[in-house]
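Listed below are the residues making up each chain.
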Amino acid sequence: MKTVDLIVPCHNEEEVLPEFVKVTNEVTSTLPSYSFRYIFINDGSKDNTLLTMIKLAKEFNNVKYISFSRNFGKEAAMYAGLEHSDADYVIVMDADLQHPPAMFPQMIEGIEEGNDCCALYRAKQTGESKLRQLVSKIFFSFQNNISDVKMPDGAVDYRIMSRKMVDAIMELSEVQRFSKGIFCWVGFKTKWIEYKNVER
Ligand code: UDP
Ligand code: MG
């Protein structure tokens, strides 16, 4: 059976975490040929995120957690999670359910088709302000102009990667990382799929 680690950086997420596990379990239970494991990273939360993780780890034997003594930022949390993962596939996602776990089947399909990575980008938001849309557009077009790393407008940190790709990323030990860029830069074959963002 193939193993899948879910790397979830968490900063003050005590309220949503139990719901996150509940909703995600509903999806993973529809994928019985994969064995899922949660790797939560408590990134110096000020609320009871750590206590919530401890409780979840007691309740579910596939829940693991790492806890930082202070806030190091989402990128550092993601990398700590990746360092602790040994699964065949690794999914990186947010804790706040803005990255819908319902996308797992499509993401796994994408990687089973022979891609190294299957990454998500947000569909155009009808509710998003014109200014926000413009800022996002300028950012992605600037990024795509100055860099060999190409990514669609709306790319987010929600992706599944092969073991081969995760190992390559871990070899790159830069202090300051722009994760979306680095995940593309290693040159692995990425399939992009669109999803509808969920408001927090
Ligand atoms: N996060 C983190 N450390 C931080 C800030 C955020 O680990 O210093 C986590 C947060 O708990 C969430 C994810 O990173 O799982 C995305 O954060 P947020 O929802 O605040 O970002 P946005 O939705 O604005 O991209
Ligand atoms: Mg969010």
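Just so you know, these numbers come straight off a predicted model, no measurement behind them. (Residues numbered from 1 in each chain as written. Chains lettered and ligands numbered in written order. Predicted model: local features only at pLDDT ≥ 70, side-chain atom pairs only at ≥ 80, totals over all residues. Heavy atoms only, no water.)

**Observations concerning the overall build of the protein chain**
The condition is simple: Note on conventions: DSSP H or I runs of at least 4 residues are helices, E runs of at least 2 residues are strands, and numbering of each starts at the N terminus. Only protein chains enter the accessibility calculation, which uses a 1.4 Å probe; a residue whose area is less than 20% of its type maximum is buried, one above 50% is exposed, and one in between is partly exposed. What makes two residues a contact is simply this: any of their non-hydrogen atoms within 4.5 Å.
The number of helices and strands found in the protein chain is seven helices and seven strands. Reading the protein chain from its N terminus to its C terminus gives the helix and strand order β-α-β-α-β-α-β-α-β-α-β-α-α-β. Across the 200 residues in the protein chain, those meeting the buried criterion constitute 49%. Within the protein chain, contacts between residues separated by at least 24 positions form 79% of all contacts whose residues are at least 6 apart in sequence.

**Section: the packing of helix α1 (residues 17-28) against helix α2 (residues 49-59)**
When two helices pack together, their arrangement is given by the angle between the helix axes and the distance between those axes. Short version of the rule: Axis angles are defined between N-to-C directions and span 0 to 180 degrees, where every axis is a line fitted to C-alpha atoms and, for a helix, only to the segment in contact. Side-chain classes follow a simple rule in which Ala, Val, Leu, Ile, Met, Phe, Trp, Tyr, Cys and Pro form the nonpolar group, Asp, Glu, Lys and Arg form the charged group, and the remainder, Gly included, forms the polar group.
At a closest axis distance of 10 Å, the pairing of α1 and α2 adopts a crossing angle of 35°. Packed against α1, whose contacting residues are L17, P18 and V21, the element α2 presents T49, T52, M53 and L56 at the interface. In terms of residue class, the contact of α1 with α2 is built from five nonpolar, two polar and no charged.

**Quick look at the side chain of D96**
Using the following cut-off: The term polar contact refers here to a pair of N or O atoms within 3.5 Å; inside protein, the definition further demands a hydrogen-donor-capable atom paired with an acceptor-capable atom, and it admits residues adjacent in sequence only when both atoms are side-chain atoms.
Within the element layout of this structure, D96 appears in the loop between β4 (89-92) and α4 (104-112). Within the structure, D96 has its side chain in polar contact with the backbone nitrogen of Q98 (distance 3.1 Å).

**Observations regarding the environment of Q106**
Along the chain, the position of Q106 falls in helix α4. For the pair Q106 and I193, spaced 87 residues apart in sequence, the C-alpha separation works out to 8.4 Å.

**Here's the deal with the site of ligand 1**
Applicable threshold: A cutoff of 4 Å decides nearness: a residue is near a molecule or strand if any of its heavy atoms lies inside that distance of it. Each accessible area is a Shrake-Rupley result for a 1.4 Å probe, and residues are judged covered by the shown protein chains and nothing else.
The environment of ligand 1 is made up of 13 residues, and the closest members are P9, E13, D43, D96 and Q98. The contact in question runs from a nitrogen atom of ligand 1 to an N or O atom on the side chain of D43, over 2.6 Å. The protein chains hide 67% of the 530 Å² of surface that ligand 1 would expose on its own. Its residues assigned to classes, the shell around ligand 1 shows three nonpolar, four polar and six charged.

**Overview of the pattern of salt bridges**
The condition is simple: Basic side-chain nitrogens of Lys or Arg form a salt bridge, by our definition, when they fall within 4 Å of a carboxyl oxygen of Asp or Glu.
All told, the structure shown has nine salt bridges when counted by the stated rule. The salt bridge partner of K2 is E112, with a shortest N-O separation of 3.5 Å. You can see K2 sitting in strand β1 (residues 2-10) and its partner E112 sitting in helix α4, a full 110 residues away along the chain. Of the residues examined, K2 reaches a relative accessible area of 33% and is grouped as partly exposed. Judged by its relative accessible area of 38%, E112 is partly exposed. Of the charged contacts in the structure, one is a salt bridge between K164 and D116, with a shortest N-O distance of 3.5 Å.

**Remarks on the coordination of the magnesium ion (ligand 2)**
For the record, the criterion: Donor atoms: N, O and S within 2.8 Å of the metal, or within 3.2 Å for Na, K and Ca. Because water is excluded, sites can look incomplete.
Taken together, D96 (OD) and Q98 (OE1) make up the full set of protein donors to the magnesium ion (ligand 2), lying 2.0 Å away. The pair formed by D96 and Q98 is uniform in burial state, with each residue classed as buried.

**Observations concerning unusual backbone geometry**
The backbone of N12 sits at a positive phi, close to 55°, despite the residue not being glycine. Along the chain, N12 turns up in the loop between β1 and α1.

**Some details on the nonpolar core**
We count it as follows: What we call a nonpolar core is a set of buried Ala, Val, Leu, Ile, Met, Phe, Trp, Tyr and Cys residues that are connected through their side-chain atoms within 4.5 Å.
Counting 34 residues, the largest nonpolar core has F20, F40, I91, F104, M107 and Y158 as its most contacted members. Those residues in contact with F20 that sit more than four places away from it in its chain are V8, Y38, F40, M93, D94, A95 and L97. A77, L82, A119 and I182 belong to the second-largest nonpolar core, a separate cluster that totals 21 residues.

**A closer look at the pairing of strand β3 (residues 63-67)**
Short version of the rule: In this scheme, strands are said to pair when DSSP sees at least two bridges between them. A crossover gets the label right-handed when its path from the first strand over the helix to the second runs clockwise, viewed with the strands pointing away from the viewer.
Bridge count between strand β2 (residues 34-42) and β3: five bridges; the pairing is parallel. Bridge assignment links F40 to a residue of β3, and that residue is Y65. Since β2 and β3 lie parallel, the crossover through α2 that links them has a hand, and here it is right-handed.

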